[in-house]
Structures are given as C-alpha cells and as structure tokens.
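# Breakdown of the fold
Chain residues, written in single-letter form:
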Amino acid sequence: MDKAAIITGAGSGLGQAAAIRLAKEGVNISVVDVNEQGGKETVDMVKELGVDSIFIKADVSKPEEVKNYVDKTVEHFGTIDYFFNNAGISGSGKFFLDTAIEEINSIVGINLMGALYGVHYVAEVMLKNGGGSIVNTASSAGVIGQDSVVTYAATKHGIVGLTKSMVAEYAKDGLRVNTIAPGPTETPMVKEFYEANPKMKENATSGIPQKRLGTPEEVAELVTFLLTSKAQYINGEVIRIDGGFTNTK
Ligand code: NAD
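Description of the structure in this document. (Residues numbered from 1 in each chain as written. Predicted model: local features only at pLDDT ≥ 70, side-chain atom pairs only at ≥ 80, totals over all residues. Heavy atoms only, no water.)

Burial within strand β1 (residues 4-8) is extensive, with 5 of its 5 residues counted as buried. In this structure, β1 lies alongside strand β2 (residues 28-33), joined through 5 bridges in parallel fashion. Looking across to β2, one finds that Ile6 is bridged to Ser30. Traced from β1 through helix α1 (residues 13-23) to β2, the parallel crossover comes out right-handed. Pairing analysis gives 3 bridges linking β1 to strand β4 (residues 82-85), with the strands arranged parallel. (Buried < 20%, exposed > 50% of the residue type's maximum accessible area, 1.4 Å probe, protein only. Helix = DSSP H or I, 4+ residues; strand = E, 2+ residues; numbered from the N terminus. Pairing = 2+ DSSP bridges. Right-handed = clockwise from strand over helix to strand, strands pointing away.)

Put into structure tokens, the structure is as follows:
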C-alpha cells in the first residue's frame, strides 16, 4: 500500500516544502492547516506530482479538531505512516514581562498543546498498525536560550522533552520520534519580514557561521530523511539545521 503522511502547518513555509519533497517520494499527503487558501494551494501542488492529497482544516490547539484530522486521514488513506508535527507561531517578539497572558496562552496552545495532541492521536493509530515515524518541529529556541522568545522557547524546549520521552515509552513498539531544530529559515513570512527590515537580516546572518539563512528546501530534505526508512535507527534525536548557529553559541 502507498505511504501516507500528515503534515500540520502545510499551507506555508516548512510544512509546504516538506509536502512537496515527500510527494516526490510518492507519499500521499494530508495537508492540515488553519489557513484554507494556503492548504488548498499545497494540495494542488502535490497532486501535480502524482500523489493523492486532501486538505483538512484544523486549529491544532483544539483537541477535537486534531482528532478529526487524524480520523479523516485514516478514513481516506487507511493508514498514517509519517507525521510532520510542524504547525507553530512565533509570537510578537516582546520581552516576557511585556507579553500579554493571552499571547502566552496562544503560543503554548498552538506550539506545545497542539504538538502534544497531535502525537497523542497519531501515535495511537501508528502503534495499532505496528509503528510509524514522527518528526516534530522545534527551533534553535528549543536548544538554547534567547531574549524576546521566552514563551516560544519554553514550547520548543517542551517539544524536545516530548520527543525524547515518547521514545522511552514506545520505541520498542516500532515508533520513531525525532525533532528538527531549524535556525532562521527563509520561509515566505521571514523573507517578507527581512525585506522590510534589511538591518535585522544583517544582524541575524552575521551570527550564523555560514553567513546566510536556511532554505525551506534544506529543511524539507532533513524531514524526509528522518521520516522515511532511510533513518531506521535514528530515534529521540534533536537535529539542528542552522548553519552552525547554536553550536557556536
Ligand atoms: P509559516 O507561518 O510559513 O507556516 C506555519 C503554518 O502553520 C501556516 O500555514 C499557518 O497557517 C499554520 N498554523 C498556524 N497556527 C495554526 C493552528 N493553530 N492550527 C493549524 N495550523 C496553524 O511558518 P514556518 O516558518 O513554516 O514555521 C513552521 C514551523 O517551523 C513552526 O513550528 C515554527 O515555529 C518553526 N520554525 C520556523 C523557523 C523559521 O525561521 N521559519 C525557524 C525555526 C522553527
């Protein structure tokens, strides 16, 4: 049977790039996003590559909507082999004490609770089917401390803990769970931001040993490697993809 993947936040950026890259491996894709327009664009792009794809609208911070995207995927594809648990928001970048409680709740709800709900419902299906592979999206802010991202960093460090502990419980049953920790990557949103603020781009790149931002395609390559059978014995790993940024901090 053909392989099937769920990708959250697949309507843009890293999720969309991963959908395209996995489709090139012949993997069918459930595109999950709160943004209908972006999600449908991704479905059209991957269908052009010859695989089957559906869009499922969901806000990942709502457990019932997470359960629904899992159920709909199983209904349509009969299986979930791969899960790229990726949807996330960055927040306003204010210092922590200037950040409203509502914003803290929203970042935690989407980035951490959304990731936990996703793993909860997806792993249930995977374990019933004898196993599967999950890649969670953390960030440089999941492996080092930085200013202006306290809540975001708390959620991304949480994702690292989720990854390692899931492996402690379920690797023996055929589950692989890994995390990527990208540095600043030129997704459309980041690109637009830096085009409007070239000085900030200069500041960001000067701290990166490779002196450039990452690309969504580079990240998609890593995600595909980790999800598929090419990485059979890699489990509970947190892989930095940041041009050397966090290793030189
Ligand atoms: P993006 O904004 O281009 O894409 C994120 C997608 O997630 C969007 O399509 C958005 O609609 C969707 N989304 C947001 N909230 C959602 C919700 N509640 N439910 C469902 N979907 C939702 O951003 P991106 O750069 O591709 O980010 C993807 C992931 O990568 C995030 O977890 C982000 O924290 C992480 N990340 C990004 C970078 C970077 O520089 N781009 C670096 C490190 C980590």
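Back to the text.
This paragraph deals with the nonpolar core. It is characteristic of soluble globular proteins that their nonpolar side chains tend to be buried jointly. With 32 residues, the main nonpolar core has Ile6, Tyr69, Val70 and Phe83 as its most contacted residues. Those elements giving two or more residues to this core turn out to be β1, β3 (53-57), α3 (63-77), α4 (101-128), α5 (150-170) and β6 (175-182). Discounting chain neighbours no more than four positions away, the residues touching Val70 are Ile6, Ile80, Tyr121, Val122 and Val125. Ranked by size, the runner-up nonpolar core spans 27 residues in total, among them Val27, Ile29, Tyr82 and Ile180. (Core = buried A, V, L, I, M, F, W, Y, C linked by side-chain atoms within 4.5 Å. Contact = heavy atoms within 4.5 Å.)

Function-wise, these values are silent; they only describe arrangement.
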